[in-house]
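Listed below are the residues making up each chain.
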Amino acid sequence: AKNVVAADASGTSDVFVKLILGDQHRRTKTIFKTCDPVWNERFEFRGWKGNPNEPFPEDATLRLDIFDYDLDMDDFLGRVNIPLERIK
């Protein structure tokens, strides 16, 4: 990600992403004190609705919700929807 909103008083954010595909959820590590986080992580989603034998629908979308981590309540920074057909 580049140019993530600075949500903290320090002028940076503590950024993590929730990845959602159907009913499966994953979460990146938090990258602290940056507006240009790089995760270099790999995630696996096991078939549609968690069934490894069920292929993903043609119109399935991977949703990325971007947050600033805080001790009390995380701040929502934005969302990106990526059609699976673009990342196969």
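Everything discussed here concerns the structure shown above.
Residues numbered from 1 in each chain as written. Predicted model: local features only at pLDDT ≥ 70, side-chain atom pairs only at ≥ 80, totals over all residues. Heavy atoms only, no water.

### Some points on the pattern of salt bridges
- If you walk through the whole model with that rule in mind, you get three salt bridges.
- In this structure, glutamate 44 engages arginine 46 in a salt bridge whose closest nitrogen and oxygen atoms are separated by 3.4 Å.
- One salt bridge in this structure joins aspartate 65 and arginine 79, with 2.6 Å as the shortest N-O distance. Of this pair, aspartate 65 sits in strand β4 (residues 61-68) while arginine 79 sits in strand β5 (residues 75-83), and the two are 14 residues apart along the sequence.
- The exposure class of aspartate 65 is buried, given its relative accessible area of 5%. (Salt bridge = Lys/Arg side-chain N within 4 Å of Asp/Glu carboxyl O. Helix = DSSP H or I, 4+ residues; strand = E, 2+ residues; numbered from the N terminus. Buried < 20%, exposed > 50% of the residue type's maximum accessible area, 1.4 Å probe, protein only.)

### Focus on the pairing of strand β1 (residues 13-21)
- The element β1 is largely enclosed, with a buried count of eight among its nine residues.
- Here two bridges tie β1 to strand β3 (residues 31-34), and the two strands are oriented antiparallel to one another. Looking at β3, one finds that valine 15 is bridged to isoleucine 31.
- Bridge count between β1 and β4: six bridges; the pairing is antiparallel. Counterpart to leucine 19 in the pairing with β4 is leucine 64.
- As paired elements, β1 and strand β2 (residues 24-27) share four bridges and run antiparallel to each other. Across the sheet, the residue bridging to leucine 19 is arginine 26, located in β2. (Pairing = 2+ DSSP bridges.)

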